[in-house]
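Here's the letter readout for the chains.
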Amino acid sequence: MKFHLLTIFPEFFKGPLDHGVVSRAANNGFLDITVHDLRKWTFDRHKSVDDRPFGGGEGMLMKAEPIFLAAEEIFPGGKKEGQKIVILSAQGKLFDQSIARRLAAEKELLLICGRYEGVDERVAENLADEEISIGDFVLSGGELAAALILDVVARLLPGVLGNEASSVQESFSEDSGLLDCPHYTRPADFRGWKAPEVLMGGNHEEIRKWRLQASIAKTVKNRPDLMK
Ligand code: 9D3
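Residues numbered from 1 in each chain as written. Predicted model: local features only at pLDDT ≥ 70, side-chain atom pairs only at ≥ 80, totals over all residues. Heavy atoms only, no water.

1. Things to note about the environment of Leu69
Item 1. Mapped onto the secondary structure, Leu69 falls in helix H2 (residues 64-74).
Item 2. Ignoring anything within four residues of it in the chain, the contact list for Leu69 reads Trp41 and Phe43. (Helix = DSSP H or I, 4+ residues; strand = E, 2+ residues; numbered from the N terminus. Contact = heavy atoms within 4.5 Å.)

Dropping the structure here:
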């Protein structure tokens, strides 16, 4: 799968994409990531990507034109089948695993990272296929959201997780609608806190029952919203 990241901070992505599953997938050819500097599509002396909001108000907005010109160069002749444009914004629909699965089915994604107080609405209205938020909190811009979405989507690509069993396990716990159960490793007694005896016994039916009740208890405690 091919990802394009459009940003005024291209250096932001040097860290997060160079580790773990995403970087391995990129090195193995399952994933191709190109970071584009939005200022490449500015033509004035100051390489302006922002301007003041019509109607007044605090802060600056990202201009539509550099973003449209970038998208038109990244997808020459327009988007084809399997190519999608996503704008990351605090006003987007809430990202979740089912949106990630839908995005993972595309061939090529352009993620537009907003900065300042937001992006001229004509980008969401006339260029992007969807507008996505990663949660109900305030970020400084779309870059962190794009890196997060890239990580979540990359894990779903066929061949990306070296360990096939772990993706099977993952989709199982996802389907149950419950949080994962607690896990323990050696020592069996750490500072007097004992790992549950049942996990040491080798009775796989008892272990399965314990894990299910522990998943339910964890979900009730931390995510009661998932129980409704
Ligand atoms: C005055 C209102 N502004 C908050 C101080 C609105 C606002 C502008 C710009 C809020 C956030 C941002 C920058 N955020 C993003 O670009 C963003 C985001 C987010 O803030 N939360 C969750 N997901 C995302 S995706 C992109």
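Okay, back to it.
2. Comments concerning the environment of Val160
Item 1. Note on placement: Val160 falls in the loop between helix H5 (143-154) and helix H6 (164-176).
Item 2. Relative accessible area serves as the criterion here: at 7%, Val160 is assigned to the buried category.
Item 3. Each C-alpha atom of the pair Val160 and Val21 lies 7.2 Å from the other, and the pair is 139 residues apart in sequence. (Buried < 20%, exposed > 50% of the residue type's maximum accessible area, 1.4 Å probe, protein only.)

3. Here we look at the packing of aromatic side chains
Item 1. Tallying each qualifying case throughout the model produces two aromatic pairs.
Item 2. Between Phe12 and Phe13 the ring centres are 5.2 Å apart and the planes differ by 70 degrees, which places this aromatic pair in the edge-to-face class.
Item 3. In this structure Phe12 comes out as partly exposed when scored by relative accessible area, which is 28%.
Item 4. Overall, the relative accessible area of 3% leaves Phe13 in the buried class.
Item 5. Geometrically, the ring pair formed by Phe190 and Trp193 is tilted, given 6.0 Å between the ring centres and 40 degrees between the ring planes.
Item 6. Overall, Phe190 belongs to the partly exposed group, its relative accessible area being 42%. (Phe/Tyr/Trp six-rings, centres within 6.5 Å; stacked < 30°, edge-to-face > 60°.)

4. Some remarks on unusual backbone geometry
Item 1. Residue Pro187 follows Arg186 across a cis peptide bond; omega there is 5 degrees.
Item 2. With respect to the helices and strands, the residue Pro187 is situated in the loop between H6 and strand E8 (189-190).
Item 3. The phi dihedral of Lys47 falls on the positive side, at around 50 degrees, and the residue is not glycine.
Item 4. Assignment of secondary structure puts Lys47 in the loop between strand E2 (32-37) and strand E3 (50-51).
Item 5. The exposure class assigned to Lys47 is partly exposed, which follows from its relative accessible area of 44%.

5. Here we look at the site of the ligand
Item 1. Residues in close proximity to the ligand total 16 residues, the closest being Glu117, Ile134, Gly135, Phe137 and Leu139.
Item 2. Between a nitrogen atom of the ligand and a main-chain N or O atom of Ile134, the distance comes to 3.0 Å.
Item 3. Here an oxygen atom of the ligand sits 3.4 Å away from a polar atom, N or O, in the main chain of Gly142.
Item 4. Coverage of the ligand by the protein chains reaches 73% of its 580 Å² of free accessible surface.
Item 5. Of all the secondary structure elements, the ones that give two or more residues to the shell around the ligand are strand E5 (83-94) and strand E7 (130-133). (Near = heavy atom within 4 Å. Polar contact = N/O pair within 3.5 Å; in protein donor to acceptor, adjacent residues only side chain to side chain. Areas by Shrake-Rupley, 256 points an atom, 1.4 Å probe, with all protein chains shown as cover.)

6. Thoughts on the confidence of the model for the chain
Item 1. Per-residue pLDDT for the chain has a mean of 94; in total, 94% of the residues score no lower than 70.
Item 2. Ranking the helices and strands of the chain by mean pLDDT puts H2 first, with 99, and H6 last, with 59. (pLDDT = per-residue confidence, 0-100.)

7. Structural notes on the pairing of E5
Item 1. Bridging between E5 and strand E6 (residues 108-113) involves six bridges; their strand directions are parallel. By the bridge assignment, Ile87 is partnered in E6 with Ile112.
Item 2. Handedness of the crossover joining E5 and E6 through helix H3 (residues 97-104): right-handed.
Item 3. Relative to E7, E5 is paired through five bridges, and the arrangement is parallel. (Pairing = 2+ DSSP bridges. Right-handed = clockwise from strand over helix to strand, strands pointing away.)

8. Describing H3
Item 1. All buried positions along H3 are accounted for by Ile99, Ala100, Leu103 and Ala104. Taken around the axis of H3, the buried residues stretch over an arc of 140 degrees, which confines them to a single face.
Item 2. Considering only its buried residues, H3 is in contact with E5, E6, E7 and H5. (Arc of directions from axis to C-beta.)

9. Structural notes on the pattern of salt bridges
Oppositely charged side chains can form a pair if their charged atoms are brought close together.
Item 1. Per the stated rule, a full pass over the model turns up twelve salt bridges.
Item 2. With its nearest N and O atoms 3.3 Å apart, the salt bridge here joins Lys209 to Glu206. Here the residue Lys209 and the residue Glu206 both occupy positions in helix H7 (residues 204-222), the gap between them amounting to three residues, near one helical turn.
Item 3. The class for Lys209 is partly exposed, based on a relative accessible area of 43%. (Salt bridge = Lys/Arg side-chain N within 4 Å of Asp/Glu carboxyl O.)

10. So, the nonpolar core
Nonpolar side chains in soluble globular proteins tend to be buried together.
Item 1. Residues Phe95, Leu103, Leu111 and Ile149 are the most contacted members of the largest nonpolar core, which totals 32 residues.
Item 2. Looking at this core, the elements with two or more residues in it are strand E1 (2-7), helix H1 (20-27), E5, H3, E6 and H5.
Item 3. Counting residues per element, this core draws most heavily on H5, which supplies eight residues.
Item 4. In this view, Leu111 contacts Phe3, His4, Leu5, Leu6, Val86, Leu88, Ala146 and Ile149; residues no more than four positions away in its chain are not counted.
Item 5. Counting 21 residues, the second largest nonpolar core, distinct from the first, contains Val49, Phe75, Leu110 and Ile112. (Core = buried A, V, L, I, M, F, W, Y, C linked by side-chain atoms within 4.5 Å.)

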